[in-house]
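# Observations on the model geometry
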Amino acid sequence: MSAYHPYDDTLARHAAGRLAAGPSFVVAAHLATCRECRARVTLFEAAGGALLEEACVLAPPAEMFAATLRRIEQAVERAPRRLPTVSPLEALQSPPWRRLGAGVQWRRLSLPQAPQAYLYMLKVARHGCAPRYAHRGPAYIQVLQGAFHDEHGRYLAGDCIEADDGAAHRPVVDSDVACVCLAAFESHPRLTGWLGRWLQPLLGL
Amino acid sequence: MPRKTVRLAPGPSLRAVGEAGGATGDDLDLCMAAVAGRADKAAFGRLVQHFAPRLIGFFVERGARRAEAETLTLETLEALWREAALYDPRRAALPTFVFVLARNLSLDRAGNDLAFLDAVGEAEAAPGEPLGPATAQLRAALEGGT
């Protein structure tokens, strides 16, 4: 049972298809383990169905049905979309981990249709400190394994943290296992502190 | 075709539409079963007849131009044919399923192919929860930018 969830408006934007690709992916990873948020998203989607049913009725062109059938015939070879089984992460190729100082590893994930999204996995060894970093715009972080705390609280596997604009963080892992997080940013995250500023250009983070 | 014994997600009722539009929710559910089970084009025609005008209206209300709305409608209807087997009336009402297909199109365009027929996969909303506040919130989300 998670203690930290995406904001309700974030879930609404996710349901509306109005959340950027990276954050939407993090929300989907959260939904994979959070029944409560799934129920909210389901409710928003039902509201979407109601809006569709109430939409003004505009007569389609006479050839709409024929045109639809033509499209279907041209597209027969396309297989149905596969549902994610446990987590959307399973559907992604994961590049190898890269080291970032002692006990810290990261990799950038590439969404097939949004390769530019700032989407990362971070793995910090137990009792390790992640590098201090800052970001512009909100950050969305889902704890996949382990636990960490920062100046605002303690976060366990299954928690989703939305950090607001401009925050600087110094997460400290306090679980007995390594902590693995999925994180999406709306802009390039910046490592801060002398070590981070020195490492960032070398690592292409 | 199993009867709708469980409706976990509160969905809009199509029965009212039956009086005005000639098709009830159960009729349309039967059409979906015929499309999924035997690629029945006549049944699909009834689905197109019901949803095409509403989809065009829905996209126009969200600011699409008429031609763009018609293209999006075509794409949604194509997805409805392709994904018909995923529809389970016990989990979500048909308009909800169609909304999710339309929404996923816009995700594809914005570059997020991996999200997610989750509405269709599992519906766990509290039964009978009123849609009103959620509708206002979703409408606001739809009208905000990405």
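Residues numbered from 1 in each chain as written. Chains lettered and ligands numbered in written order. Predicted model: local features only at pLDDT ≥ 70, side-chain atom pairs only at ≥ 80, totals over all residues. Heavy atoms only, no water.

### Thoughts on the overall build of chain B
Scanning chain B for helices and strands turns up 7 helices and 0 strands. Listed by position from the N terminus, the elements making up chain B come as α-α-α-α-α-α-α. Within the span of chain B, comprising 146 residues, buried residues form 56% of the whole. The long-range fraction of contacts in chain B, counting pairs at least 24 apart against all pairs at least 6 apart in sequence, stands at 56%. When the accessible surface of chain B is totalled, it reaches about 6,100 Å², and 53% of it is carbon and sulfur. (Helix = DSSP H or I, 4+ residues; strand = E, 2+ residues; numbered from the N terminus. Buried < 20%, exposed > 50% of the residue type's maximum accessible area, 1.4 Å probe, protein only. Contact = heavy atoms within 4.5 Å. Areas by Shrake-Rupley, 256 points an atom, 1.4 Å probe, with all protein chains shown as cover.)

### Some words on the sheet that holds strand β1 (residues 98-99) of chain A
All names here are of chain A. The strand order across the open sheet formed by 6 strands is β1-β2-β3-β11-β5-β8, and the pairing between neighbours is antiparallel. Edge strands, defined here as strands with exactly one partner in the open sheet, are β1 and β8 (160-163). Both strand β2 (residues 104-108) and strand β3 (residues 118-124) contribute to a ladder of 5 bridges, which runs antiparallel. Each residue of the ladder has a partner; that of Trp106, found in β3, is Leu122. The sheet contacts of helix α2 (residues 21-31) involve β3, β5 (139-145), β8 and β11 (179-185), and relative to β11 the element is tilted by about 145 degrees. (Pairing = 2+ DSSP bridges. Axes fitted to C-alpha atoms, helices over the stretch in contact; angles between N-to-C directions.)

### Considerations on the packing of helix α3 (residues 35-54) of chain A against helix α3 (residues 41-61) of chain B
With their axes 8 Å apart at the nearest point, α3 of chain A and α3 of chain B run at an angle of 100 degrees to one another. The angle between α3 of chain A and α3 of chain B falls in the class roughly perpendicular. For the pair α3 of chain A and α3 of chain B, contact is made by Leu51, Leu52 and Glu53 of chain A and by His50, Phe51, Arg54, Leu55 and Phe58 of chain B, respectively. For the contact of α3 of chain A with α3 of chain B, a count of residues per class yields 5 nonpolar, 1 polar and 2 charged. (Parallel < 35°, antiparallel > 145°, perpendicular 65-115°, else oblique. Nonpolar A, V, L, I, M, F, W, Y, C, P; charged D, E, K, R; others polar.)

### What about the nonpolar core?
Formed by 76 residues in total, the largest nonpolar core has its most connected members in Leu182 of chain A together with Phe44, Leu47, Phe51, Leu80, Leu94 and Leu138 of chain B. Top contributing element to this core by residue count: α3 of chain B, with 10 residues. In this structure Leu47 of chain B touches Leu28, Cys31, Met32, Val35, Ala52, Leu80 and Leu94 of chain B, once residues within four positions along its chain are discounted. Val104, Phe148, Val173 and Ala183 of chain A belong to the second largest nonpolar core, which has 18 residues in total. (Core = buried A, V, L, I, M, F, W, Y, C linked by side-chain atoms within 4.5 Å.)

### Looking at the sheet that holds strand β6 (residues 147-149) of chain A
All names here are of chain A. Spatial ordering of the open sheet is given by β7-β6-β10, a layout of 3 strands whose pairing is antiparallel. Bordering the open sheet on either side are β7 (154-156) and β10 (172-173), each of which pairs with just one other strand. Note: β6 against β7, 3 bridges, orientation antiparallel. The partner of His149 across the bridge, within β7, is Arg154.

### Considerations on the confidence of the model for chain B
All names here are of chain B. Here chain B shows a mean pLDDT of 76. Residues at 70 or above account for 66%. Overall, residues 1-21 carries pLDDT values under 50, and its contacts beyond four positions in sequence, including any with other chains, amount to 48 contacts. Counting interchain partners and residues more than four positions distant, the pLDDT-below-50 stretch residues 110-126 has 63 contacts. (pLDDT = per-residue confidence, 0-100.)

### Describing the packing of helix α1 (residues 8-16) of chain A against α3 of chain A
All names here are of chain A. Look at α1 against α3: their axes get within 9 Å of each other, and the N-to-C directions meet at 50 degrees. As the angle between them shows, α1 and α3 are arranged oblique. With respect to the hand of their crossing, α1 and α3 are arranged in right-handed fashion. From α1, Asp8, Leu11, Ala12, His14 and Ala15 reach across to α3, where they touch Cys37, Arg40, Val41, Phe44 and Glu45. Taken together, the residues of the contact of α1 with α3 sort by class into 6 nonpolar, 1 polar and 3 charged. (Left-handed = near helix turned anticlockwise from the far one by under 90°.)

### Focus: helix α2 (residues 25-38) of chain B
Here α2 of chain B contains 14 residues, and its C-alpha end-to-end distance of 20 Å stays within 8% of the 20 Å for a straight helix at 1.5 Å per residue. Count one or two residues on from α2 of chain B and you reach Ala39 of chain B, which has phi positive near 45 degrees. (Expected span 1.5 Å × (residues − 1).)

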